[in-house]
Amino acid sequence: TNGTLYLTATHLIFVESSAKNSTSILHHHIASVEKLSLTTTGCPLVIQCRNFRLVHFVVQRERDCHDIYSSLLLSYEELYAFSYNPKQNDQQREEGWQLIDLGAEFERMGVPCDQWQLTDVNRDYKVCETYPRDLYVPITASKPIIVGSSKFRSKGRFPVLTYFYQEKKAAVCRCSQPLSGFSARCLEDESLLQAISKANHNCRFVYVMDTRPKLNALANRAAGKGYENEDNYSNIRFQFVGIENIHVMRTSLQKLMEVVGTRSLSMSDYLVGLESSGWLRHIKAVVDAAIFLTKAVTLEGASVLVHCSDGWDRTAQVCSLGALLMDPYYRTIKGFMVLIEKDWISFGHKFADRCDQLDGDPKEVSPIFTQFLECVWQLSEQFPQAFEFSEWFLLQIHEHVHSCQYGNFLGNNQRQREELQLRERTHSLWAFLMSDKENYLNPFYSPAYAESHPVLAPSTLPYHFKFWRNMYHQFDRSMHPRQSILKTILTLRENSRKYIPELSVCLCYPEATESTDTERTVEGSSGSESRKQSYGELEGTYNSELAKEEPAVVSLEFGVARMTC
Amino acid sequence: MNIKLIKYGVMEFAELIKTPRVDGVVLHRPFLPTVEGTLCLTGHHLILSSRQDNTEELWLLHSNIDSIEKRFVGSLGSIIVKCKDLRVIQLDIPGMEECLNISSSVEALSTLDSVSLMYPFFYRPMFEVIEDGWNSFLPEEVFKDLESMTDEWRLSEVNKDFSVCPSYPPLVAVPKDVDDDTLRKVASFRHSGRFPVLSYYHKKNGMVMMRAGQPLTGTNGRRCKEDEKLINATLRPGKRGYIIDTRTINVAQQAKARGGGFESEANYPQWRRIHKTIERANVLQEGLIKLVEACNDQSHSMDRWLSKLEASNWQTHVKEILTTACLAAQCIDREGASVLVHGTEGTDSTLQVTSLAQIILDPACRTIRGFQGLVEREWLQAGHPFQQRCAQSAFSNNKSRQEAPVFLLFLDCVWQILRQFPCSFEFSESFLVLLFEHAYASQFGTFLGNGAAGRAKLSLPEKTVSLWSWVNRPQELERLTNPLYEANSLVIWPSVAPQSLLLWEGVFLRWNRSSKCLDEAYEEMVHIIEYNKELQNKVNSLRRQLAQLETEDPLLQTP
């Protein structure tokens, strides 16, 4: 495809010369830019995006190419969120930010109650910088105990409540690893765990889930960190669950993307690559851990304390996924937003670092949140009726975690966000998604199903985990099914909705007919037209001998190239 | 159903049944509650019936049993029955002698040699036959359609008594200008006498797809002028065609030593030959065994699952077959060229390619009836040896070299296309699963025998019921219909990227997972579609009434 490339302050835009299509890429989405060696047609430029788009340009003049290359490498000090203006007034913006209220969420769970209370110990971020201001702890945990415990926990992240399972009065708590080293102990920390245990009358003990592989935890002891010694804590049951660390996850996804990005990939290389990348093994490990948590809480009625090293990656994954399995509310659109707001944003998952929003340390980048979204997708494949939202909702959230278009995911913790005055200067993604809710509904969702299956019990036999093509190849349309069941059903539902007013119109006022108009819209949107167009998309070739040279000067690689060749 | 009503048709079976009936047998099936009841053996069925009302009974055709294993714990014996449809069940039988008797009887009954003792010859339909399936897809009827489009082909009776080619039907479509004598000469130059015949006529541009057996060039490069003449007769002046050889060039070269070979450039200058890599029968069978073994592995190791899946090569076969079929379709539709497809015998990989290419090119093949016609034309009448290929499935220990899941792979490929175009097929996945089941074990005669001559000897139309007679009844058609279907007249190009091809869970994980949630979601989908249709009908009828009122009463007309 031939076309013109435009660089703006926030986007890179490619407009085809036929002016039929244009592709725009947010600068924040660009993960890497690579200039390849000069060819006869020009200078190739390969841009890789965080949302798994891969674009291939050929620029005729090398100097132009170099200019583009160097300007793309510039770090953009201004994040897009600060300039993004969706034409809302201040009041609307403020309402957007008020959409999710975590205080109300804890109330929904039944907290505060006779065993759990809100503490103001972290009101000024004095005890823990990376926690939110409002924290919930057992009634019997005094301030000195909390402060003492926080000093014994990595980054001051002492055990706090994140989910309360009302039916059994069992709590899911989270924290970071104890600074136990080989023998150190802390009486306040032991009392705090005791208090968590005592707050639950249903069970004599509390589970402590260390989500790391045992080896990692052992290694941490040498650095004065480590894990709880069962001898020092009364009534705990300690359990490792073996989720790998951020570095392993980063490498794993890199390997996976390398494999699936190979041209004319063979089935065997694909499956071998899928295995050796370890990606699905890691996904399964997270789901397995969440199931362990869910079973402990819902079947045994036990409270569980979850931690990893710092308690903001694996801990966030396991706590949020566990809550999603236990509580149908989190499987609704609003509830899922609340869940992300609570376990990820407010408890300080380091979005800025993990998603590399500001050209930070490459060793801090890791697809931890992507993994969480994928786990949810894997579950939705097993339980097609359990989720109010469809895959598109997950994809859209993923898109905006990286786009920096909204303020929600900027920064690493609440304190930073307050300093950046995000609520005043940027807009909330949740409000935007809520206004667009219709597009994310899962037509198969059944509230009755949620009622009869409050707790999900997924199978984690390996064959239940599949490669998430629509995420990792979301821009490679040639690999997608040519017709989408989801789209078709949504269109039908939409049609049904349109028929109903027409039916009443016809019945009540026979003279006021606009049936012809309605008919046009109905048929126009029935999908048969648009679907027919999309058939033509793939004209890929099934034999290299039949492939024809493409005369394109600027070509968009993969899906896009095939789409337009 | 009352067991006493079942008639044991033949005396032979009585000798094989040592213990016809055992009480207190417990049936274990994954994801279903256990059932206790009475086990009965009849000539063709293994039946478990519990005396309670509303409890499901097990009716299993002996011919569906692929392998049987015995286990003893004290005096309690168990038999594990592994079926050709990949289901695995366990029966706990009290009493060692009973268990041994049942096991040996079932073993004997499930491995009967004689075709004429198979259940289809004893089965009497309990349903009303609306249309006799044996007459539904006769070659002369199919040819009438062709005649309406072109006069370049004729129906030859050269194989009337199966003497020219035992695996071909008595009537085949060949180029009009080629006479029967030429055909006889060509037949002697092609493997098993399978001379090139018409497989598909592409209405859009008049291009054709033919299929054949490999040419018998041998090591000294024998040629046959008549063969060249025959296939050149299908080319338009100045046009070139493509020969798709489903074997790699190496395999094709090696075939020369055994008298086979391929069309050389020198003798077939108007044809371009392309070699592909579709594996031979025994490799496919091994793949099936490995795949099913992997699917039944209950270990929780992801690496083990993926490496076993890879080692089975099943998905590779699916990809290769689909790619070759797409290539054939591409040559015809995009390159505007005619195509000749063959492998070695022309009864396996060749048919996979020609039938799948038609699914891609011809919307008619994507309807329920059209698909039946395709299976009838390109598999049954084209001489795929079903009896040999489907004698055993993934569990059997006695492996003959003839078994191969060639047809199952074809169905898998159709399923892949169906997944990618879920609205373009009139039938749903359940139709494909049904064909898989019946190809391996059935009360119907449709898939019995090997090749046209072998099938003719069995007098199937006179002695058995056709599967199509069962399928083409309103209640069955309704069950097999895809609710999303919307006729699509276009060519459909599937993606063959590994990321786009999935494991066919509906067959391979069918018994290893609870499908309750998926089934319920499917029901919900059907409900949405039906509700939409209902509303649409209401709106349409109201519109009609309105239009009528308007014409009758000018006062009601809108200004």
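Quick caveat, the model's predicted, so the values are computed rather than measured.

Conventions we followed
- Position numbers for residues count from 1 along each chain, tracking the sequence in the order it is written.
- The order in which chains are written sets their letters, starting at A; the order in which ligands are written sets their numbers, starting at 1.
- Selection of residues for local features in this predicted model requires a pLDDT of at least 70, selection of side-chain atom pairs for listing and counting requires 80 or more, and totals for whole chains, interfaces and linings are taken over all residues.
- To get the side-chain values, take all heavy atoms of the structure and skip hydrogens and water.
- An automatic or database domain assignment supplies the start and end points of every domain.
- Residue contacts are defined here by distance: any two heavy atoms, one from each residue, within 4.5 Å place the two residues in contact.
- As used here, buried area is the combined drop in accessible area, with a 1.4 Å probe, of two parts when they are placed together.
- Any carboxyl oxygen of Asp or Glu within 4 Å of a side-chain nitrogen of Lys or Arg constitutes a salt bridge here.
- In protein, a polar contact requires one atom able to donate a hydrogen and another able to accept it; more generally it is a pair of N or O atoms within 3.5 Å, and residues adjacent in sequence count only if both atoms are side-chain atoms.
- Think of it this way: any DSSP run of H or I at least four residues long counts as a helix, any run of E at least two long counts as a strand, and we number them from the N terminus.
- When residues are grouped by polarity, Ala, Val, Leu, Ile, Met, Phe, Trp, Tyr, Cys and Pro land in nonpolar, Asp, Glu, Lys and Arg in charged, and all others, Gly among them, in polar.
- Working definition: with a 1.4 Å probe on protein chains only, accessible area under 20% of the residue-type maximum means buried, over 50% means exposed, and in between means partly exposed.
- Note: two strands are recorded as paired if DSSP finds a minimum of 2 bridges between them.

**Things to note about the domain arrangement of chain B**
Quite often, the size of an interface is put as the accessible area lost when its parts meet.
Residue and element names in this part refer to chain B.
Line of reasoning, step 1. According to the domain assignment, chain B consists of domain 1 (14-112) and domain 2 (139-503).
Line of reasoning, step 2. Listed per partner, the contact involves 11 residues of domain 1 and 14 residues of domain 2.
Line of reasoning, step 3. Across the domain 1/domain 2 interface, buried area totals approximately 990 Å², and carbon plus sulfur atoms make up 63% of it.
Line of reasoning, step 4. At the boundary of domain 1 with domain 2, the tally comes to zero salt bridges.
Line of reasoning, step 5. On the surface where domain 1 and domain 2 come into contact, there are six residue pairs in polar contact (both at pLDDT 80 or more).
Line of reasoning, step 6. Going through the elements one at a time, β5 (65-73) and β6 (76-83) are the ones with two or more residues in the side of domain 1 that touches domain 2.
Line of reasoning, step 7. In the side of domain 1 that touches domain 2, the residues fall into four nonpolar, three polar and four charged.

**Structural notes on the pattern of salt bridges**
Line of reasoning, step 1. Scanning the entire structure with this criterion turns up 54 salt bridges over all chains.
Line of reasoning, step 2. For Arg190 of chain B, the salt bridge goes to Asp227 of chain B, with nearest N and O atoms at 2.8 Å. With Arg190 of chain B in the loop between α4 (180-189) and β10 (197-202) and Asp227 of chain B in helix α5 (residues 225-232), this pair connects stretches of sequence that are 37 residues apart.
Line of reasoning, step 3. Its relative accessible area of 1% is what places Arg190 of chain B among the buried residues.
Line of reasoning, step 4. Of the charged contacts, one joins Asp297 of chain B and Arg304 of chain B as a salt bridge, the two residues approaching to 2.9 Å between their closest N and O atoms.
Line of reasoning, step 5. Taking relative accessible area as the criterion, Asp297 of chain B reaches 15% and is therefore assigned buried.
Line of reasoning, step 6. Under the relative-accessibility criterion, Arg304 of chain B is labelled partly exposed at 42%.
Line of reasoning, step 7. The network of salt bridges with shared partners includes Asp313, Lys350, Asp353, Arg354 and Glu364 of chain A.

**Some remarks on the interface of chain A and chain B**
Line of reasoning, step 1. Taken together, the contact pairs 69 residues of chain A with 70 residues of chain B.
Line of reasoning, step 2. In this assembly, chain A and chain B are joined by two salt bridges.
Line of reasoning, step 3. The partner of Asp303 of chain B in a salt bridge is Arg281 of chain A, with the nearest N and O atoms 3.2 Å apart.
Line of reasoning, step 4. In this structure, the connection of chain A to chain B is made through 16 residue pairs in polar contact (both at pLDDT 80 or more).
Line of reasoning, step 5. Secondary structure elements with two or more residues in the side of chain A that touches chain B: α9 (267-277), α10 (279-298), α14 (368-382), α21 (485-508), α22 (515-524) and α23 (528-535) of chain A.
Line of reasoning, step 6. Residue composition of the side of chain A that touches chain B, grouped by class: 33 nonpolar, 20 polar and 16 charged.

**As for the pairing of strand β7 (residues 88-94) of chain B**
Residues and elements named next belong to chain B.
Line of reasoning, step 1. Sheet topology places strand β1 (residues 21-29) next to β7; three bridges connect them, and they run antiparallel. Residue pairing for β7: His28 is matched across the bridge by Gln90.
Line of reasoning, step 2. In this sheet, β7 lies alongside β6 in antiparallel orientation, the contact comprising seven bridges. Looking at the pairing, Ser78 lines up with Asp92 of β7.
Line of reasoning, step 3. Hairpin connection of β6 to β7: four residues between the antiparallel strands, including Leu86 at a positive phi of 80°.

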